[in-house]
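Chain by chain, the residues:
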Amino acid sequence: MLLGDWRDGNERVNSRSLIYHEDYPEILAMLPDEEARRQVSACLTDTGNLIRVHQGLLLACLKALGYPRGHDARTWWAAHQWAFVRISKPEEAAPFVHGWADSARRLGRAWNVGAHYEHHREIQDQIRAVEYQERGTWGGDPVMGQAHWNFQLLLAKQEAQRAAKETIVWWPHHRVPDE
């Protein structure tokens, strides 16, 4: 970059990465073993991994909320290890992480933020970073942003086609153009 680098204050994806947070070692300690910690670290430090910020969001939720009822480090990891892969192709990354930010946002609204404001703030920071990545702005990957947008359009078209087929004939509806 000619006028700055990703740390110039306008970059909001990499700068929010959990690898720069003081509690990153504490988050890693919540994983069951060294192999899991290596896998997570490899994902979060690979700038070619388009879903690294989404993975950071998942880890921020783990840190803030702890293990869900009935889970410990091993069972949580067994249920989420699939999410810690490296994806460099935007057309694969967009559908893989579709809905993660919305789910975390709903979780945050349902969660009592009172005594745990700092952890809730970290989840919100990670959600914002995910949104920048998905839009391809403020440090997000522009190609990922376009892939995310294309995926959203595809989902909307599929929903419109489904709705057009399920419309009651007496009620006005919009016809979906044939392809």
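Residues numbered from 1 in each chain as written. Predicted model: local features only at pLDDT ≥ 70, side-chain atom pairs only at ≥ 80, totals over all residues. Heavy atoms only, no water.

Asker: Would you take a moment to explain the overall build of the protein for this structure?
Answerer: Summing up its helical and strand segments, the protein has eight helices and zero strands in all. Sequence-ordered secondary structure for the protein, helices as α and strands as β, is α-α-α-α-α-α-α-α. Buried positions account for 36% of the 179 residues belonging to the protein. Long-range contacts, defined here as pairs at least 24 residues apart, represent 67% of the contacts in the protein between residues at least 6 apart. Total accessible area computed for the protein in this model is approximately 11,100 Å², and 54% of it derives from carbon and sulfur atoms. (Helix = DSSP H or I, 4+ residues; strand = E, 2+ residues; numbered from the N terminus. Buried < 20%, exposed > 50% of the residue type's maximum accessible area, 1.4 Å probe, protein only. Contact = heavy atoms within 4.5 Å. Areas by Shrake-Rupley, 256 points an atom, 1.4 Å probe, with all protein chains shown as cover.)

Asker: Any chance you could explain the packing of aromatic side chains here in plain terms?
Answerer: Aromatic ring pairs are reported here in terms of the distance separating the ring centres and the angle at which the planes meet. As enumerated under the stated definition, the model contains four aromatic pairs in all. Here Phe 96 and Trp 100 contribute two aromatic rings whose centre-to-centre distance is 6.3 Å and whose plane-to-plane angle is 45°, an arrangement assigned as tilted. For Trp 100, a relative accessible area of 16% gives the class buried. (Phe/Tyr/Trp six-rings, centres within 6.5 Å; stacked < 30°, edge-to-face > 60°.)

Asker: Can you help me understand helix α3 (residues 52-65) in this one?
Answerer: Counting along an α-helix, one turn takes 3.6 residues, and residues three or four places apart therefore face a common direction. Under the 1.5 Å per step criterion, the end-to-end length of α3 is 20 Å for 14 residues, consistent within 8% with the ideal 20 Å. In terms of burial, α3 is largely enclosed, as 13 of its 14 residues are buried. Looking one or two residues past α3, Gly 66 carries a phi angle of roughly 75°, positive in sign. (Expected span 1.5 Å × (residues − 1).)

Asker: Just checking my understanding: could you explain the confidence of the model for the protein for this structure?
Answerer: Detailed reading of the predicted coordinates is not advisable wherever pLDDT falls low. Here the protein shows a mean pLDDT of 78. Residues at 70 or above account for 72%. When pLDDT is averaged over each element of the protein, helix α2 (residues 34-45) comes out on top at 96 and helix α6 (residues 100-110) at the bottom at 74. Within the model, pLDDT remains below 50 along residues 1-10, and this stretch shows seven contacts once partners closer than five positions in the same chain are excluded. (pLDDT = per-residue confidence, 0-100.)

Asker: Can you help me understand the nonpolar core in this one?
Answerer: If you look at the biggest cluster of nonpolar residues, it comprises 24 residues, and the most contacted ones within it are Leu 31, Val 40, Leu 59, Trp 76, Trp 77, Phe 84 and Ala 93. Of all elements in the fold, only α1 (24-29), α2, α3 and α4 (73-80) reach the threshold of two or more residues within this core. (Core = buried A, V, L, I, M, F, W, Y, C linked by side-chain atoms within 4.5 Å.)

Asker: Which parts of the structure should I look at to understand α4?
Answerer: Those residues of α4 that fall on the buried side of the exposure criterion are Ala 73, Trp 76 and Trp 77. Burial along α4 is one-sided: seen end-on, the buried residues are contained in an arc of 95°. Within α4, the exposed residues directed more than 90 degrees away from the buried face are Arg 74 and Ala 78. Those residues of α4 hidden inside the fold are in contact with α2 and α3. The N-terminus of α4 is capped by Asp 72, whose side-chain oxygen sits 3.1 Å from the backbone nitrogen of Arg 74. (Arc of directions from axis to C-beta. Polar contact = N/O pair within 3.5 Å; in protein donor to acceptor, adjacent residues only side chain to side chain.)

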